[in-house]
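Survey of secondary and tertiary structure
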Amino acid sequence: MESQARGGTRWRRFAAVMVPSVAATAAIGVGLAQGALAASFTVSGQSFKVTTDKLVNEDGFVQYGTVNATADGKHVPVAVSAFNSATIYNLCQSVVVPTPIGDVTLRLGAGADPKNPVKAENLFIDVAQLDANAEFTNIDIGVPAGGTTKGPKPTGQYDPNSFAQQADKVTLTDVKQTAWATTAGTFKLSGLKLNLHRGNDKQCY
């Protein structure tokens, strides 16, 4: 990683500022796991990209629509994918952050070793766009969001009578998605790697 001055800001100094924010995010995850924080929160107003080779859920999935509130007061419609548990292989997450030295891509990877995938419990992903191959077991399409029984209980601003779907199991492969938020009761990131890149050409896809 370079240490060049551009516009009076040193690259390493910038990294020193940004990396602690990841620790803060981890602390929020711990708070959720311990029940100290609510699962719903105001989103940043900036979406991020996620890819994974495979996501496996074997104990309940539900999907429904809701609205996220951004920090600047706007509202963003999302489809929430919620899993009682998930095993995730080769996870990549990236976001492009504007800074005084230009755009910087924060890229996070985990679970690249098939023997040590990412593990999550009570996982909620607020999705704006999803491309994947999907296989569902015992799927119910068109149930009311407030009456789902197979996945986590829906949260956030949603109409309990609105459209939802649920399944006993789901496997997603070759996943590419744009998301606004992710929450989990527990999130075990095996082989976690965080890298910072100048520009926006190092995104997950």
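Scroll up to find the structure this text is about.
What comes next concerns the included structure.

Criteria and thresholds
- Residue positions are given per chain, counted from 1 along the sequence in the order it is written.
- Confidence filtering applies because this is a predicted model: local features only for residues at pLDDT of at least 70, side-chain atom pairs given and counted only at 80 or more, and all residues used for totals across whole chains, interfaces and linings.
- In computing side-chain values, all of the structure's heavy atoms are included and hydrogens and water are not.
- Secondary structure elements are taken from DSSP: a helix is a run of H or I of four residues or more, a strand is a run of E of two residues or more, and numbering for both begins at the N terminus.
- The criterion used for residue contact is that any of the two residues' heavy atoms lie within 4.5 Å.
- Here the open area of atoms and residues is found with the Shrake-Rupley method and a 1.4 Å probe, where only the protein chains shown may cover a residue.
- Salt bridge criterion: a side-chain nitrogen from Lys or Arg within 4 Å of a carboxyl oxygen from Asp or Glu.
- Burial here depends on accessible area, computed with a 1.4 Å probe over protein chains only, as a share of the maximum for the residue type. Under 20% is buried, over 50% is exposed, and the range in between is partly exposed.
- Any pair of cysteine sulfurs within 2.5 Å is marked as a disulfide.
- Residues belong to a common nonpolar core when they are buried Ala, Val, Leu, Ile, Met, Phe, Trp, Tyr or Cys residues joined through side-chain atoms within 4.5 Å.

This part is about the overall build of the protein. Within the protein one finds one helix and 13 strands. Beginning at the N terminus, the succession of helices and strands in the protein can be written as β-β-α-β-β-β-β-β-β-β-β-β-β-β. Contacts in the protein between residues far apart in sequence, at least 24 positions, make up 77% of those at least 6 positions apart. Per element, the accessible surface of the protein, about 11,000 Å² overall, is 51% carbon and sulfur.

This part covers the pattern of salt bridges. A full pass over the atoms with the stated rule returns two salt bridges. In this structure, the salt-bridge partner of D140 is K150, at a minimum N-O distance of 3.1 Å. Here D140, found in strand β9 (residues 140-144), pairs with K150, found in the loop between β9 and β10 (163-167); they are 10 residues apart in sequence, far enough to count as distant. Given a relative accessible area of 19%, K150 falls into the buried group.

Further remarks concern the state of the cysteines. Scanning the model with the defined rule gives one disulfide in all. What pairs with C92 in a disulfide is C204, and their sulfur atoms sit 2.0 Å apart. Handedness of the C92-C204 disulfide follows from its S-S torsion of about -85 degrees: it is left-handed. Residue C92 is found in strand β6 (residues 91-99), and its partner C204 is found in the segment after β13 (193-198); the two are separated by 112 residues along the sequence. Pair check on accessibility: C92 and C204 agree, each one buried.

This brings us to the nonpolar core. Core analysis: the biggest nonpolar cluster contains 20 residues, and L55, F83, A86, I88, L123, I125 and L172 have the highest contact counts within it. Elements with a minimum of two residues in this core: β3 (48-57), β5 (75-89), β8 (118-137) and β11 (169-183). Sorting elements by how many residues they give to this core places β8 first, with five residues. If we ignore the near neighbours within four places in the chain, the residues touching A86 are L55, V56, V118, K119, A120 and L123. Judged by nonpolar contacts, the second largest core, of 13 residues, contains V78, A82, A164 and A181.

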